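Residue strings, one per chain:
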Amino acid sequence: MTMKETNSIPTPDASVDVTDLRVRFGSVTALDDVSLSIRDGEFFTLVGPSGCGKTTLLRSIAGLETPSEGQVIIDGREVTAEPPESRNIGIVFQNYALFPHMSVAENIAYGLRFHDLSGDRDPDERVAELLELVDLAGFGDREPDQLSGGQQQRVALARALAPEPDVLLLDEPLSALDARLRKQLRVQIKTIQRELDITTVYVTHDQAEALAISDRIAVMQDGQLQQVDTPEAVYRDPASRAVAEFIGDNNVFSGRVTDDGSQLSIEGGLLPLPTGTDTADGTSVTLSIRPELLSIYTDNQPVDGQTLSATVNTVEFLGDAYHVHCLWNNRTIVVKAAATTPPKGEVTLQFDADDIHIL
Amino acid sequence: MLATLVVVFYYPVGSVLSSAILVDGQFTVDPLVAVLGDPFYVDLFGFTAYQALLSTVVSVAVGLPGAYLLARFEFPGRKFLRSVTILPFVLPSIMVAVGFLAMFGQTGVFNDLLSVVGLGPVKLVGTLNIIILAHAFYNAPLVTRLVTAAWESVDTRRVETARTLGASPLRAFYDVTLPQLIPAILTSAVLTFIFTFMSFPIVLALGGLQLATVEVWLYARVQDLALTEAATLGAIETALSLGLIYIYLRYEATQIKSSSGGRRLARKPLFVGWRSLVDPRRLGLFAYSLLAVVLFVGPLASLVIESLTTPQGAFTLDYYGFLLSQQSSAAVGTTQPLPAISNSLLFGVGALALALPMGVLVSVVAIRESRGSRLAEALLTAPLAVSGIVLGLGMLRTLVFGTELFGHRITVTGPIVIVTVHAVAAYPFVTRNITPALSGIDDRLVDAARALGADRQTALVDIELPLIAPALVAGAAFAFAISIGEFDSTVLLAEGVDSATMPVALERYIGNRSLGPSLGPATAMGTVLLAVTTISFVLIDRTGRRWNRR
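Residues numbered from 1 in each chain as written. Chains lettered and ligands numbered in written order. Predicted model: local features only at pLDDT ≥ 70, side-chain atom pairs only at ≥ 80, totals over all residues.

### Things to note about the overall build of chain B
Right, on to step 1. Along the backbone of chain B there are 25 helices and six strands.
Right, on to step 2. The proportion of buried residues among the 550 residues of chain B is 44%. (Helix = DSSP H or I, 4+ residues; strand = E, 2+ residues; numbered from the N terminus. Buried ≥ 20, exposed ≤ 12 C-beta atoms within 10 Å, placed from the backbone.)

### Details of the overall build of chain A
Right, on to step 1. Each helix and strand counted, chain A has eight helices and 20 strands in total.
Right, on to step 2. When the backbone C-alpha atoms are referred to their principal axes, chain A occupies close to 75 × 50 × 45 Å.
Right, on to step 3. With 359 residues in all, chain A has 38% of them scored as buried.
Right, on to step 4. For chain A, restricting intrachain contacts to residue pairs at least 6 apart in sequence, the fraction spanning at least 24 positions comes to 63%. (Contact = placed C-beta atoms within 7 Å.)

### Description of helix α14 (residues 280-308) of chain B
Right, on to step 1. Between its first and last C-alpha, α14 of chain B extends 40 Å over 29 residues, near the 42 Å set by a 1.5 Å rise per residue.
Right, on to step 2. Approximately 45 degrees is the largest bend angle found in α14 of chain B, and it occurs at Gly 298 of chain B, with the proline Pro 299 of chain B only one to four residues beyond. (Expected span 1.5 Å × (residues − 1). Bend = angle between axes of the 7 residues up to and from the residue.)

### Concerning the packing of helix α6 (residues 93-104) of chain B against helix α8 (residues 128-152) of chain B
Residues and elements named next belong to chain B.
Right, on to step 1. Here α6 crosses α8 at 125 degrees, and the two axes come no closer than 11 Å. In terms of their interaxial angle, α6 and α8 are classed as oblique. Considering only the axes of α6 and α8, their crossing is right-handed. The segment α6 lies against α8, with Val 96, Ala 97, Phe 100 and Phe 104 engaging Ile 130, Leu 133, Ala 134 and Phe 137.
Right, on to step 2. Residue classes in the contact of α6 with α8 are distributed as eight nonpolar, no polar and no charged. (Axes fitted to C-alpha atoms, helices over the stretch in contact; angles between N-to-C directions. Parallel < 35°, antiparallel > 145°, perpendicular 65-115°, else oblique. Left-handed = near helix turned anticlockwise from the far one by under 90°. Nonpolar A, V, L, I, M, F, W, Y, C, P; charged D, E, K, R; others polar.)

### Here we look at the nonpolar core
Right, on to step 1. Counting 142 residues, the largest nonpolar core has Val 98, Ala 355, Ala 426 and Ala 479 of chain B as its most contacted members.
Right, on to step 2. If you tally residues by element for this core, the top one is α8 of chain B, at 14 residues.
Right, on to step 3. Setting aside chain neighbours within four positions, we find Ala 426 of chain B in contact with Ala 351, Ala 355, Phe 478, Ala 479, Ile 482 and Ser 483 of chain B.
Right, on to step 4. Listed in part, the 79 residues of the second largest apolar core include Phe 93, Val 104, Leu 130 and Ala 160 of chain A. (Core = buried A, V, L, I, M, F, W, Y, C linked by C-beta atoms within 7 Å.)

### Notes on the pairing of strand β19 (residues 346-351) of chain A
All names here are of chain A.
Right, on to step 1. Burial of β19 is one-sided: the residues Val 347, Leu 349 and Phe 351 facing one way are buried, the residues Glu 346, Thr 348 and Gln 350 facing the other way are not.
Right, on to step 2. Pairing analysis gives three bridges linking strand β15 (residues 295-297) to β19, with the strands arranged antiparallel. Its bridge partner lying in β19, Ser 295 is registered against Gln 350.
Right, on to step 3. The sheet contact formed by strand β16 (residues 306-317) and β19 spans six bridges and is antiparallel. The residue bridging Thr 307 from the neighbouring strand is Gln 350, located in β19. (Pairing = 2+ DSSP bridges.)

### Focus on the interface of chain B and chain A
Right, on to step 1. Across the contact, 16 residues belong to chain B and 19 residues belong to chain A.
Right, on to step 2. At the level of elements, α20 (443-451) and α21 (456-467) of chain B are the ones that each hand at least two residues to the side of chain B that touches chain A.
Right, on to step 3. Among the elements that make up the side of chain B that touches chain A, the one with the highest residue count is α20 of chain B (seven residues).
Right, on to step 4. Of the residues belonging to the side of chain B that touches chain A, the class tally is nine nonpolar, one polar and six charged.

### With respect to the pairing of strand β7 (residues 167-171) of chain A
All names here are of chain A.
Right, on to step 1. Most of β7 is tucked away: five of the five residues are buried.
Right, on to step 2. Here β7 shows a buried face lined by Val 167, Leu 169 and Asp 171 and a second buried face lined by Leu 168 and Leu 170.
Right, on to step 3. Of the strand pairs in this sheet, β7 and strand β8 (residues 199-204) are connected by five bridges, and their pairing is parallel. Looking at β8, one finds that Leu 169 is bridged to Val 201.
Right, on to step 4. Between β7 and its parallel partner β8, the chain crosses via helix α5 (residues 179-196), and the hand of that crossover is right-handed. (Right-handed = clockwise from strand over helix to strand, strands pointing away.)

### Looking at the domain arrangement of chain A
Right, on to step 1. Under the domain assignment used here, chain A contains domain 1 (14-245) and domain 2 (260-358).
Right, on to step 2. Using only C-alpha atoms to locate each centre, domain 1 of chain A and domain 2 of chain A end up separated by 39 Å. (Domains from an automatic or database assignment.)

### Focus on the UniProt feature "domain: ABC transporter" (unreviewed entry) in chain A
Right, on to step 1. As annotated by UniProt and renumbered to match this structure, "domain: ABC transporter" (unreviewed entry) occupies residues 16-247 of chain A.
Right, on to step 2. Overall, residues 16-247 of chain A shows 33% helix and 27% strand. The separation of its end C-alpha atoms is 24 Å. (UniProt positions renumbered as here; feature names shortened; annotations may be inferred.)

### Quick look at the confidence of the model for chain B
All names here are of chain B.
Right, on to step 1. Overall, the predicted model of chain B reaches an average pLDDT of 79, with 86% of residues at or above 70.
Right, on to step 2. Between the elements of chain B, mean pLDDT differs from a low of 58, seen in strand β5 (residues 403-405), to a high of 92, seen in α20.
Right, on to step 3. For this predicted complex, the interface confidence reaches an ipTM of 0.81, while the overall pTM sits at 0.75. (pLDDT = per-residue confidence, 0-100.)

### What to know about the packing of α8 of chain B against α14 of chain B
All names here are of chain B.
Right, on to step 1. In contact at an axis separation of 10 Å, α8 and α14 are set at 100 degrees when each is read in the N-to-C sense. As summarised for this structure, α8 and α14 are arranged roughly perpendicular, according to the angle between their axes. Between α8 and α14, the contacting residues are Leu 133, Ala 136 and Phe 137 on the first element and Leu 295, Phe 296 and Pro 299 on the second.

### Quick notes on the sheet that holds strand β6 (residues 89-92) of chain A
All names here are of chain A.
Right, on to step 1. With mixed pairing, six strands are arranged side by side in an open sheet as β6-β7-β8-β3-β9-β10. Here the strands that pair on one side only, and so sit at the sheet edges, are β6 and β10 (224-229). Across the sheet, the mean angle from the axis of one strand to that of its neighbour is 15 degrees, orientation sign disregarded.
Right, on to step 2. One ladder, built from five bridges, connects strand β3 (residues 43-47) with β8; its direction is parallel. Considered in β8, the bridge of Thr 45 is made with Tyr 202.

### A few points about the sheet that holds strand β14 (residues 284-289) of chain A
Residues and elements named next belong to chain A.
Right, on to step 1. Here five strands make up an open sheet; going across it, the order is β13-β12-β11-β14-β20 and the pairing antiparallel. Here the strands that pair on one side only, and so sit at the sheet edges, are β13 (269-272) and β20 (357-358).
Right, on to step 2. Judged from the two bridges that link them, β14 and β20 form a sheet pairing that is antiparallel. Across the sheet, the residue bridging to Leu 287 is Ile 358, located in β20.

### Observations concerning the environment of Val 461 of chain B
Residue and element names in this part refer to chain B.
Right, on to step 1. If you trace the backbone, Val 461 turns up in helix α21.
Right, on to step 2. Given 11 C-beta atoms within 10 Å, Val 461 falls into the exposed group.
Right, on to step 3. For the pair Val 461 and Leu 396, spaced 65 residues apart in sequence, the C-alpha separation works out to 38 Å.

### Structural notes on unusual backbone geometry
All names here are of chain A.
Right, on to step 1. Its identity is not glycine, yet Tyr 96 carries a phi of approximately 70 degrees, on the positive side.
Right, on to step 2. Take Tyr 96: it is sitting in the loop between β6 and α2 (104-109).
Right, on to step 3. Even without being a glycine, Glu 172 presents a positive backbone phi close to 45 degrees.
Right, on to step 4. Relative to the helices and strands, Glu 172 resides in the loop between β7 and α5.
Right, on to step 5. Given 20 C-beta atoms within a 10 Å radius, Glu 172 is considered buried.

Shown next, in the form of structure tokens:
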């Protein structure tokens, strides 16, 4: 590891650094002491429910919001006080925000008025290159309102990329599109990101999208970071109840550890604790188990491992499986069952105590 | 921006207001007591409010069926009709007053028509009726416009929901539609009251001193050089209208903006073959349309007709000949038509050039949501509440008569003062046009431009201004038309003959008896004014469109 001369850079290989960032809107604190390091070339996603501060964080990186405290550092340069136009970023919004009085090509070329291209390339060539990149070759003369939503979003992406920004910022870029198109386009965005190897910050409220597309994810709630990690780690090892409930489908229970320390007592029932759980009796504990880690048995045969007796309440058909909502002691437990017919009536739920995750 | 307004608005108006409570630098309530304790002035304010109230009632009554027609029925020319409801607002009021004289005067078109069927003549000039009718000419279209917009924004789904829940069409109208119309009706009524309370040229030309309102009397006192008394009157009037404007702004702010989503009410065809003639609702609307044509087209048509006919009804060009003879007359004190025309156009261009940037700036301030900008917006909106006479009087007392600054006596003369006053009168209309357009622009367009490297000013020029170009053009046309028609301040400031404008010349010709007791010269000048106003409005619109085409 090499030492850098300036000590203003916390992590040497970080492309975007945010330290102790605080943003207030009147009396509301939208971002509360947030620190993050986004690595060079990384696809980094901010995910969380609406109002969690993810868009505010993105806009602070862009220079579109003014933090009351903290720093934003892009490529080792502190830009907290710099206006958006001097940060060399590209941004794409949910509603595309194409300039309606300019053609597609003029939209893409707009940023080139303010930037010199590397290697003295011709702006027109650059526009053609980008139209090619987003599969819209030949669309340059169209007006934005002549394009579909998905096409408009690709133009917005091309426009953001044209001036060769250091960082690409995407604010819910797919939320206005229908489900099928959303999936197609997210693959295209990911492919382009890999191809250009550009540091990308992506904001979405869709946890499935976040899991599918990201190198790393930051889960946010109430203006604070809950967990920053890879999609796998966030899914399998959620750091808080908020993360466990927000990312993926989950069953979450809170209760107190029983006297012998082996079980969790929750209103009306007992659940086993994983072996080696280091908790004193009487402490209150929250645990979670994913629907796919539970099995469901309809015949009354004895089964190995931990079991619970439950009643099927509702069944959702997902195509490749069923989501079975069971009632156990007046609580709902969701089970993902790859059965061919939907289970009903009295059932036995089976699971491995070590699959239970303590929060 | 605010500094400019301080010099050309707050300072002059403040000088008027302060003279009501300051005599020789001492605070006193004597002038106020003198005015408020005088039964004559109490009556004057009472009558002014009374005629404003009647005018408001009549304007709402005439305006509402128009809104019903435009919002609920489809017919050829509906869109055109909807957009011309803005026109009366920019027509020079003194010209409209002469139009009403030409229509309803002793030898006017209306009485001529009555005599054909053996009726009349009816004496309307000098009565309250004609003043109220002329006020309705101005304000009923305003009512129509605001209520139509509210009616068109009613979400069909709400009405449909009420219907599916069991409401009859009438009941659904009462429960769902009407509550959305009432704010618009009240808003337009308050505005009408304010405008007619401060009305000047219409009352001056149609009522004279017998039916004087505060504004007319104020003008008369200025003419008699009773400036302190005039200032006191102006101060009380301004306080009242500021109060009304405050009520209006508070009320307007609390109105819920209708959501942009949802489907709009479908319009019914107005003409449904022969059945149109047996449907009482449609028959009512046809009758209304006929009345509307008489009220709105009548005065303008009469203006042109009377300028071309003798009182006996024969065709004549004498009145235009009169204008030419005035032009070539060397007599002192003659108001020449050509300089009046060129003054009007020149002042119009000047006012436009000044009012446009002022209006844009005010809009930019207005759409920023912060406490400071609220205050700035209020300060910048206040000119709406101050009558032209009061502003004109303030200008006379300060900039025109001269003001001491750092030991130098500064006087600003004729044309410059007139252009600034016109700009002050016009920029609120520029703002009215631009603010909705500007706030309709998605903030993210500017964000995107800035992220791409444009600074704030560049983004304004590259993105926002091109997108509000149509509103800018409309604002420019308004500013120009307001300047061309401005009478209230100009008549005080256009001393002598050098800086007379068309409306001022027109007013002077009303009393001209050189061709006998005839309205001819005034109608001829009025027709010229009408033509110039129309042509410039169309020209600005055309140029704007060409410039706007990419």
